[in-house]
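Observations on the model geometry
Each chain, letter by letter, is given below.
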Amino acid sequence: MGTIIDLTDGQDHDVLHTTAADGLFGGTYLDGQPLETYLEPDEQPAYVLQNKKSGLEIDGQSSRTLKPEGDFQAFALVTDLRVLFVVGQAGGDESLSLALEDIVETTADSGIRTSTLTIETLEGEQWSFPCSDDPTAVATHIENSAQVWANAARLLDDVEAALGSAGDRLSQGELETAREGIDGLQETIETATTRIQEVGPAAHAQIADRAAELRSWLTALERQLIASDGARAHARAHEAWQASEYESAATSYDRAIKHYQTALDVEGSTPTSETLWSRLRAGAAERELLRVGPLVDADTARRRALALADPEDAAGEWERALDLYRDLLGLDWGKTEDGFVANHDLIREQTNDIADDAIGDHYEAGVEWLRSGDKLAVQDRQTQATQVYERATEQFQHAHNLATEIRPDRLSEVETAIAAAEDRLDGTRPTDTVPNDPIAFEPSEDTGDELPEDESPVEDGIEGLSFHDSMSTAAQRDDFSADPDKSPQFESSSSESTSVLDQIQAQKRASTDTTNDADAPEATDADTDTAAADIPLEELQERLEALDGETLRDLVARLWDANGWTTSVVDGAGDAVYDVVAMAEESNDRALLWVVESGAGPVDRTVLDQCEAATQNSSRTDEAVVVTTASTTPSAESAAEQSGVSIIGPAALARRLDAAGLAGTVPTR
């Protein structure tokens, strides 16, 4: 038998299993355990080289020679992990191991009687193992395996370096740079693990272990990047909403939600799943709130304008409301389940009404400035009068611009007012008395109310001028619409009509009432008496606990309406969505209401968490309330106390309905 054995031929070779004399050339060639005991699990042997006397020689920084003693022998075992050298020694064999990944070059030097396998390492050492057979095939095998090992290790080294750099970029907020840094790393890892398979199972296992660690690192970075993309989109949604860019905000919310969902599907611990779920719930709740957000924002501006006493201030607010209602008309409604909640016909009708109000208040402000100018003119304070007439002209011009664009039927009256103001600026002014009707003033008719003797002179300039005394409250301005003799020219449209929110809610209730009326039996005197009679709170609570979710939501909305709020029930509300949005008539505060019927099970902390997330992440919400006919878990009660979310249970709800006079509207089973 030769001194080089090919172990890849599929045969079972005794050299691996025994140290007995019947091995290679007879005699005892190892004092301790056979070669197979040195192998690691799955380590695949390929060649065995043997010599009797030469042993192993190492040249380098720490040169040394290991030779077998007595009749023992020296072996070089080539595997898919290393070249293992075992030298027989009395009292205990000596072994050294050279990893394939540390090998730079392998050569075979063949002589007449002796050949040498020489291996050069990364540290510059040369390991020489003489044998009598030609080791060329062994050298080629080691060379090829070492190159594959080096290539796979280098690829993983590159991946590790890239991951470290990407992590640094991510911590500095450079998301795009970090993303570019990890692009293609997964493919690189796969290349390394695929190539090493040709070396052997143990080699593949070692590379695969390291690859698994790098994959986990890569996955963790991907999770962080995706979550950061979600947070960035979430922030953009907030900014867009604040700027009233509603469709852009909706798009950003959708992206944020998608990123959060994707991040949850990616393994990793940063951010935690709890954090991602919290962000996802908040984003989903805000996205649903945005569906009515444009309508609520527009209606808020309308209510603010309606409450202003000063017609000039009100006119400016009407124009802001008009811009918001115009934006509403341009929104993408109802094409998807996430479309904005609105009624196009009602919006258009209210937009026209608001335009009328804006024109009317600009006109009214112009009339009052014109009258103030006339007061100055009869005092012969012409310079100040000119300044005031210019203010009047400015207000009439605002009214003219709006009428030209939206209400051309109003142009004639506004142009008459502009002409009156321009006549004043051209010098046609009252001299003796202040005209009763400043628009219809003619110089030949310089009659009217004389300036009161006790009226204080106006200071120089117009900053101190005010015409609020006759228009001190919004209620007085509303009276003009009821008494045409008090109104300058235009009636206030919005003061006589309900808002779009009111009308939408009214339509929903009318539809519900119609349906209920169609299905309900004809009312009897007994039914009427029962509805009007006092209902014990215990019985009322039992009725509430028997209500289904839809009926309970409508009842809660009516309760808030009865207490001075404008409400809108959100159809198709889900786990992360409020059920009712309410806006206070006086303060414009907004509340989100979650309605949980008894059949849905107890209110747990999850409900409170989503309520808290909705209020904390939205500057558009002032209060969150859970109204329930079910029980409440202790953890939910604790969360409510900490977060400030209000819980109205069945008993409290019954008392509120009774106080609001709505107890009789709660249906029986």
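As the structure is a computational prediction, the values presented were derived from the model and not from experiment. (Residues numbered from 1 in each chain as written. Predicted model: local features only at pLDDT ≥ 70, side-chain atom pairs only at ≥ 80, totals over all residues. Heavy atoms only, no water.)

Observations concerning helix α10 (residues 411-425)
Short version of the rule: Where helices and strands are cited, they refer to DSSP runs of H or I of at least four residues and of E of at least two residues respectively, numbered from the N terminus. Each residue after the first adds 1.5 Å to the expected span of a helix. Note on classification: 1.4 Å probe, protein chains only; a residue is buried when its accessible area is under 20% of the maximum for its type, exposed when over 50%, partly exposed between these limits.
End to end, α10 covers 21 Å across 15 residues, agreeing with the expected 21 Å (1.5 Å per residue, within 8%). All of the buried residues in α10 are L411, V414, A417, I418, A420, A421 and R424. Directly after α10, the chain includes G427, whose backbone phi takes a positive value near 115 degrees.

Considerations on the pattern of salt bridges
Here is the rule we go by: Here, a salt bridge means any side-chain nitrogen of Lys or Arg that lies within 4 Å of a carboxyl oxygen of Asp or Glu.
Summed over the entire model, instances satisfying the criterion amount to 13 salt bridges. The salt bridge partner of R179 is E176, with a shortest N-O separation of 3.3 Å. Taken together, the positions of R179 and E176, both in helix α2 (residues 175-182) and 3 residues apart, correspond to about one turn of that helix. Judged by its relative accessible area of 26%, R179 is partly exposed. Where D374 meets R424, a salt bridge forms, and the shortest distance between an N and an O atom there is 2.8 Å. One end of the pair, D374, is in helix α8 (residues 344-378); the other, R424, is in helix α10, and 50 residues separate them in sequence. The burial state of D374 is the same as that of R424; both residues are buried. A single network of salt bridges, built from pairs that share partners, joins E176, R179, D229 and R232.

Focus on the packing of aromatic side chains
Applicable threshold: Note on aromatic pairs: the rings of Phe, Tyr and Trp (six-membered ring only in Trp) are paired at centre separations within 6.5 Å, and the planes decide the class, stacked below 30 degrees, edge-to-face beyond 60, tilted for the rest.
Taken as a whole and assessed by the stated rule, the structure comprises 4 aromatic pairs. Centroid distance F85 to W127: 5.5 Å. Interplanar angle 40 degrees. Geometry classified as tilted. Here the residue F85 occupies a position in strand β6 (residues 82-87), and W127 occupies one in strand β10 (residues 126-131), the gap between them amounting to 42 residues. Taken as a pair, F85 and W127 share a single burial class, namely buried.

Some words on the packing of helix α1 (residues 136-171) against α2
Defined as follows: In this analysis an axis means a line fitted to C-alpha atoms, helices contributing only their contacting stretch, and an angle means the value between N-to-C directions, from 0 to 180 degrees. Geometric relationships in this document are graded by angle, where less than 35 degrees denotes roughly parallel, more than 145 denotes roughly antiparallel, 65 to 115 denotes roughly perpendicular, and other angles denote oblique. By convention, the crossing between two helices is left-handed when the near helix turns anticlockwise from the far helix through less than a right angle, and right-handed when the turn is clockwise. In what follows, residue pairs with any heavy atoms lying within 4.5 Å of each other are defined as contacts.
The geometry of α1 relative to α2 is characterised by a closest axis approach of 8 Å and an angle of 170 degrees between their N-to-C directions. The orientation of α1 with respect to α2, classified from their angle, is roughly antiparallel. Crossing geometry of α1 relative to α2 is assigned as left-handed. The residues of α2 that touch α1, namely those facing A162, L163, A166, R169 and L170, are L175, T177, A178, G181 and I182.

Some remarks on a negative patch on the surface
Heads up, the condition is: A patch consists of residues whose relative accessible area exceeds 30% and which take part in no salt bridge; residues with like charges are grouped when within 9 Å of each other, and nonpolar side chains (Val, Leu, Ile, Met, Phe, Trp, Tyr) when within 5 Å. Only the protein chains shown count as cover for residues, with accessible areas throughout obtained via the Shrake-Rupley method and a probe of 1.4 Å. When charges are counted, Lys and Arg contribute as positive and Asp and Glu as negative, whereas His and the chain ends are disregarded. By convention, the point assigned to a charge is CZ for Arg, NZ for Lys, CD for Glu and CG for Asp.
On the surface, a cluster of negative charge is contributed by E422, D423, D426 and E442. Within the element layout of this structure, E442 appears in the loop between α10 and α11 (474-482).

Details of the nonpolar core
The nonpolar side chains of soluble globular proteins are, as a tendency, buried together. Stated precisely, the cut-off is as follows: The definition of a nonpolar core used throughout is a set of buried Ala, Val, Leu, Ile, Met, Phe, Trp, Tyr and Cys residues joined through side-chain atoms within 4.5 Å.
The biggest cluster of nonpolar side chains holds 52 residues, and the ones touching the most others in it are L49, I119 and I142. For this core, the leading source of residues is α1, giving 13 residues. Not counting residues up to four positions away in its chain, the partners in contact with I119 are V83, F85, L98, I103, E105, T106, E125, Q126, W127 and I142. Core analysis: the second largest hydrophobic core is formed by 31 residues, A321, L322, A355 and I359 among them.

Looking at the environment of V388
Relative to the helices and strands, V388 resides in helix α9 (residues 382-405). Owing to a relative accessible area of 0%, V388 belongs among the buried residues under this scheme.

What about the confidence of the model for the protein chain?
Inclusion rule: The predictor attaches a confidence to each residue, and that confidence, scored 0 to 100, is pLDDT.
Of all residues in the protein chain, 77% attain a pLDDT of 70 or more, and the chain-wide mean is 77. Ranking the elements of the protein chain by mean pLDDT puts α11 last, at 36, and β6 first, at 94.

Let's talk about the side chain of T629
Put simply, the test is: Under the rule applied, a polar contact is a pair of N or O atoms within 3.5 Å (in protein, one hydrogen donor and one hydrogen acceptor; residues adjacent in sequence only if both atoms are side-chain atoms).
The topology assignment puts T629 in the loop between β14 (623-628) and α17 (634-643). A polar contact of 2.9 Å, which involves the side chain of T629, links it to the backbone nitrogen of S598. Aside from chain neighbours lying at most four places away, what touches T629 is L544, E545, L552, V596, E597, S598, P650 and L653.

Considering the pairing of strand β13 (residues 590-596)
Test applied: Between any two strands, pairing holds if DSSP finds at least two bridges.
A large share of β13 lies buried, amounting to 7 of its 7 residues. Alternating positions in β13 separate into two faces, R590, L592, W594 and V596 on one and A591, L593 and V595 on the other, with burial throughout. Here β13 runs beside β14; their pairing, made up of 6 bridges, is parallel. Each bridged residue has a counterpart across the sheet, and for V596 the counterpart in β14 is T628.

What about the packing of helix α3 (residues 185-195) against helix α4 (residues 201-242)?
In a packed pair of helices, the relevant descriptors are the angle between the two axes and the axis-to-axis distance. The condition that has to hold: Residues are grouped as follows: Ala, Val, Leu, Ile, Met, Phe, Trp, Tyr, Cys and Pro are nonpolar; Asp, Glu, Lys and Arg are charged; all remaining types, including Gly, are polar.
Running from N to C, α3 and α4 point in directions that differ by 170 degrees, and their axes come no closer than 9 Å. With respect to α4, the element α3 is oriented roughly antiparallel. Here α3 contributes L185, Q186, I189, E190, A192 and T193 to the contact with α4, which in turn contributes H204, I207, A208, A211, L214, R215 and L218. Tallied by class, residues from the contact of α3 with α4 come to 8 nonpolar, 3 polar and 2 charged.

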